Amino acid sequence: PISSLDIMATIVAQTEVEINPERPLDGVNLIPFLTGKDTGTPHDYLFWRKWEQNAMAIRHGNHKLVANDDQEQSEQELFDLSKEIDEKTNLKSKELEEYNRLLLEWNKWNEQMKDRIFPTLGQDVWWTE
């Protein structure tokens, strides 16, 4: 799995644009993975959060922990995408250790993130007037 941030990092690497080392890109250059030079995975973890719904997700290997609705109202669900790509069976009760580990990793990542600066389209005053 990759992120759209990797596309930018790949383009930057291919065009040899200099990036300020104090503000590195979040993405990964995918060319070594596509050419077989690097046989690992581009990311150990992938993280998402969606402000409007207070939703979240984290992907690690074949496991994905997700809350599609308000996290404070509904618990996250754990899925093994190697066995079930359509995310029908919540494995939380069977794999509680993995569930807790992914939730901890997501919380550590989320604590480092800044709050959103710009309002959503529906919250912006100029749009509603």
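Counting of residues starts from 1 at the beginning of each chain's written sequence and follows it residue by residue. Residues qualify for local features only when their pLDDT is at least 70, as the model is predicted, and side-chain atom pairs are given and counted only at 80 or more; totals for whole chains, interfaces and linings, by contrast, use all residues. The side-chain figures draw on all heavy atoms in the structure; neither hydrogens nor water molecules are used.

**A short note on the overall build of the chain**
Piece 1. Of regular secondary structure, the chain possesses four helices and four strands.
Piece 2. Along the chain, helices and strands appear, N-terminal first, in the series α-α-β-β-β-β-α-α.
Piece 3. Residue exposure (1.4 Å probe, protein chains only): buried if accessible area is under 20% of the type maximum, exposed if over 50%, otherwise partly exposed. Every one of the 129 residues in the chain was classed for burial, and the buried ones make up 27%.
Piece 4. In the chain, the share of contacts with a sequence separation of at least 24, taken over all contacts with a separation of at least 6, comes to 31%.
Piece 5. With the model as given, the accessible surface of the chain reaches about 9,700 Å², and the carbon-plus-sulfur share is 51%. Only DSSP runs of H or I covering at least 4 residues are called helices, and only runs of E covering at least 2 are called strands; the numbering of each starts at the N terminus. Any two residues having at least one pair of non-hydrogen atoms within 4.5 Å are treated as being in contact. Using a 1.4 Å probe, the Shrake-Rupley method yields the accessible areas, and only the shown protein chains count as cover for residues.

**Quick notes on the pattern of salt bridges**
Here the idea is simple: oppositely charged side chains can pair when their charged atoms come close.
Piece 1. Throughout this description, the term salt bridge denotes a Lys or Arg side-chain nitrogen within 4 Å of a carboxyl oxygen of Asp or Glu. Counted according to the given criterion, the structure contains six salt bridges.
Piece 2. Put simply, Lys64 and Glu87 hold a salt bridge, and the shortest N to O gap is 2.9 Å. Here the residue Lys64 occupies a position in strand S3 (residues 63-67), and Glu87 occupies one in the loop between strand S4 (77-80) and helix H3 (96-112), the gap between them amounting to 23 residues.
Piece 3. For Asp86, the salt bridge identified is with Lys88, shortest N-O distance 3.7 Å.
Piece 4. Accessibility expressed as a relative area gives 45% for Asp86, which makes it partly exposed.
Piece 5. When its relative accessible area of 65% is taken as the criterion, Lys88 is described as exposed.

**A word on the side chain of Gln76**
Piece 1. Structurally, Gln76 is set in the loop between S3 and S4.
Piece 2. Here a polar contact is recorded for every N or O atom pair within 3.5 Å, except that within protein the pair must consist of a potential hydrogen donor and a potential acceptor, and residues adjacent in sequence are included only if both atoms are side-chain atoms. Separated by 3.0 Å, the side chains of Gln76 and Tyr99 make a polar contact.

**Overview of the pairing of strand S2 (residues 55-60)**
Piece 1. In terms of residue burial, S2 counts as a mostly covered element, since five of its six residues are buried.
Piece 2. With five bridges joining them, strand S1 (residues 46-50) and S2 adopt antiparallel strand pairing. Bridge pairing in S2 links Trp48 to Ala57.
Piece 3. In textbook terms, the turn of a hairpin is the stretch between consecutive antiparallel strands, and for S2 and S3 this stretch comprises two residues, one of which, Gly61, has a positive phi near 60°. Only when DSSP finds a minimum of two bridges between them are two strands counted as paired.

**Notes on the environment of Leu5**
Piece 1. Among the structural elements, Leu5 can be located in helix H1 (residues 4-15).
Piece 2. Exposure remark for Leu5: the relative accessible area of 46% places this residue in the partly exposed category.
Piece 3. Separated by 20 residues in sequence, Leu5 and Leu25 place their C-alpha atoms 7.9 Å apart.
Piece 4. Leave out the neighbours within four places in its chain, and Leu5 touches Asp26 and Gly27.

**Overview of the layout of surface pockets**
Piece 1. Cavity means a closed set of points on a 1 Å grid over the protein atoms alone, one where a 1.4 Å probe fits but cannot get out, pocket means an open set with protein on both sides within 12 Å along at least 5 of 7 lines, and lining means a residue has an atom within 4 Å of a point. Grid points are joined across faces, edges and corners, and a volume is the space filled by probe spheres set on the points. Put simply, the largest pocket is a space of about 460 Å³.
Piece 2. Every residue lining the largest pocket is counted, 15 residues in all, and those nearest its centre are Ser3, Leu5, Asp26, Phe47 and Trp109.
Piece 3. In terms of residues, the lining of the largest pocket owes the most to one element, S1, which gives four residues.
Piece 4. Under the convention adopted here, Pro, Cys and the residues Ala, Val, Leu, Ile, Met, Phe, Trp and Tyr are nonpolar, Asp, Glu, Lys and Arg are charged, and Gly plus all remaining residues are polar. Taken together, the residues of the lining of the largest pocket break down into seven nonpolar, four polar and four charged.

**Some points on H3**
Piece 1. Multiplying 1.5 Å by the residue count of a helix minus one yields the expected span of that helix. Helix length check: H3 (17 residues) gives 25 Å between terminal C-alpha atoms against 24 Å at 1.5 Å per residue, within 8%.
Piece 2. Of all the positions in H3, only Glu98, Tyr99, Leu102, Leu103, Glu105, Trp106 and Trp109 are classed as buried. Summarising the axial view, the buried residues of H3 lie within an arc of 160°, below the 170-degree limit, and thus occupy one face. Among the exposed residues of H3, those pointing more than 90 degrees away from its buried face are Glu97, Glu111 and Gln112.
Piece 3. Check the buried side of H3 and you find it contacts S1, S2, S3 and S4. Here, the arc refers to the directions that run from the helix axis to the C-beta atoms.

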